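Structure at a glance
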Amino acid sequence: MTGGLRTRTGRLPALGLIAVAAVVWPFLTSKTIHFYGALSAIYALVALSLVILAGWTGQVSLGHAAFLGFGVYLGQKVLSNGVPVLLAVVLVAAFGVVISLALGVPSLRLRGVYLTIVTLAFGAACQHYFFELRVVRGYHAATVPRPPVFGFSMQENRALYFLVLAVFAIGLWMAYNLRRSDAGRALFAIRDSEDAAQALGIRIAPYKIGAFALSAALATVAGLFYGMLYGATPGPEQFGIVQSFFLLALPVVGGLESLAGAVIGGTFLATGQPLVNLFHIRLFLASSVALILVAGSRFDGVTGMARELTTTVRLALSSKELVRYGSFVPEGPVVANGRAHGLARITGRVPPGSVIRLRIRGAGGSE
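Cut-offs and rules
Residues numbered from 1 in each chain as written. Predicted model: local features only at pLDDT ≥ 70, side-chain atom pairs only at ≥ 80, totals over all residues. Heavy atoms only, no water. Helix = DSSP H or I, 4+ residues; strand = E, 2+ residues; numbered from the N terminus. Buried < 20%, exposed > 50% of the residue type's maximum accessible area, 1.4 Å probe, protein only. Contact = heavy atoms within 4.5 Å. Areas by Shrake-Rupley, 256 points an atom, 1.4 Å probe, with all protein chains shown as cover. Core = buried A, V, L, I, M, F, W, Y, C linked by side-chain atoms within 4.5 Å. Expected span 1.5 Å × (residues − 1). Lys, Arg positive; Asp, Glu negative; His and termini not counted. Salt bridge = Lys/Arg side-chain N within 4 Å of Asp/Glu carboxyl O. Polar contact = N/O pair within 3.5 Å; in protein donor to acceptor, adjacent residues only side chain to side chain. Axes fitted to C-alpha atoms, helices over the stretch in contact; angles between N-to-C directions. Parallel < 35°, antiparallel > 145°, perpendicular 65-115°, else oblique. Left-handed = near helix turned anticlockwise from the far one by under 90°. Nonpolar A, V, L, I, M, F, W, Y, C, P; charged D, E, K, R; others polar.

Quick look at the overall build of the chain now. Each helix and strand counted, the chain has 13 helices and 2 strands in total. Within the chain, the proportion of its 367 residues that are buried is 39%. Here the analysis covers contacts within the chain between residues at least 6 apart in sequence; of these, 76% occur between residues at least 24 apart. A total accessible area of about 21500 Å² is found for the chain, and carbon and sulfur atoms account for 65% of it.

Put into structure tokens, the structure is as follows:
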């Protein structure tokens, strides 16, 4: 317990610096940069939804761009009818939950690639049929208004950035508490092995549906802010299958199991286009190369690489001797009362709370 408390306490200054930087930087940059800041927060919200679904539950979705599109089109209609922004967030999130239930409940028995194919078909159907309906989007773009929130104007991208950042912080807080709860541990157990989780008495269906519903709600809310940022409803091709691959790349590059990976992945996709334009490279190619490098490194995205690098540097600079796994052979066992006795000596300082395990193998191979 002491070691865990020390670890969490050590992270507080770093988290505080990140929070301060997220609030201060818009006051030190130009208005052009504010657009990419708001877009990064929106994509981070989508990446967070996929971290919960794919990273924690093991359900790969290739239809999340469709949820983003539903958020854009439904958000335009509710905002145009004078609904306040915060109430619109609740309505859009509820609509995403309903759509996820309609898609997820019939697909409960599907696992692995079969569930992925269902979400792929869902995304294709939305792009080529549902988003073409006049009641959803139609053939012409519509203006998405930016109503004020608590009297604060949302016309500037900096104000919209702070609004999205606040919603993302709430989603991050919910995900953090979910991961530490019994429900979060059940999600990880389902991800590792559904059969083993079911043998432990975990009801698979409610947890899979709940994770899918929460993920869809976050993605549709991101779509609401996406429409507000661009001020219009993009065409259905912006929420097709290719876009779903881009969105899935967000948490993979950042870190599929890490909450920080959602932030890194969202920033990567939002700022990737203007950066690759400097080198006359397509974003699809840059994303593909990034995915190959991450997969080849065998780390959990950028966050996994950073964590391993930090641990390596800390151990290299540490003056304490660390006890590591090893093996030893007693020089000569002392036989007393018909039993063999060996002596193991550990040199170096043992950290508090360490557990020492010895495995003794006999001459015949028995343990």
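So that's the structure; there's more coming.
Membership of the largest hydrophobic core comes to 75 residues, with the highest contact counts inside it found for Phe 225 and Leu 247. Of the residues forming this core, the biggest block, 15 residues, is contributed by helix H2 (residues 31–55). Those residues in contact with Leu 247 that lie beyond four places of it in its chain are Tyr 43, Val 46, Leu 50, His 64, Ala 65, Leu 68 and Leu 269.

Time to look at H2. Between its terminal C-alpha atoms H2 stretches 34 Å, which fits the 36 Å expected from 25 residues at 1.5 Å a residue. Burial runs high along H2: 21 of the 25 residues are buried.

Another point: the side chain of Arg 146. Along the chain, Arg 146 turns up in the loop between helix H5 (113–128) and helix H6 (157–180). There is no salt bridge for the buried Arg 146, and the closest opposite charge comes from Glu 156, which lies 8.5 Å off by N-O distance. Side-chain polar atoms of Arg 146 contact the backbone oxygen of Leu 229, separated by 2.9 Å. Residues contacting Arg 146, with those up to four places away along its chain left out, are Met 154, Gln 155, Glu 156, Asn 157, Leu 160, Met 228 and Leu 229.

A few words on the pattern of salt bridges. Under the defined criterion, the tally for this structure stands at 4 salt bridges. Between Arg 191 and Asp 192 there is a salt bridge, and its shortest N-O distance comes to 3.1 Å. Of the charged contacts in the structure, one is a salt bridge between Glu 194 and Lys 208, with a shortest N-O distance of 3.3 Å. Here Lys 208 lies in helix H9 (residues 204–230) and Glu 194 lies in helix H8 (residues 194–199), a separation of 14 residues in the sequence. The two residues Glu 194 and Lys 208 agree in class, both being buried.

It is worth spelling out H6 at this point. Taking 1.5 Å per residue, 24 residues should reach 34 Å; H6 reaches 34 Å between its end C-alpha atoms and fits that length. Taken as a whole, H6 has its buried residues at Asn 157, Leu 160, Tyr 161, Leu 163, Val 164, Leu 165, Val 167, Phe 168, Gly 171, Ala 175 and Leu 178.

Between helix H3 (residues 64–80) and helix H4 (residues 85–104), the shortest axis-to-axis distance is 10 Å and the interhelical angle comes to 140°. Looking at the two axes, H3 sits oblique to H4. In this structure, H3 crosses over H4, and the sense of that crossing is right-handed. Residue-level inspection shows Phe 67, Phe 70, Gly 71, Leu 74, Gly 75, Val 78 and Leu 79 of H3 in contact with H4, the latter providing Val 85, Ala 88, Leu 91, Val 92, Phe 95, Gly 96, Ile 99 and Ser 100. Considered class by class, the residues forming the contact of H3 with H4 number 11 nonpolar, 4 polar and no charged.

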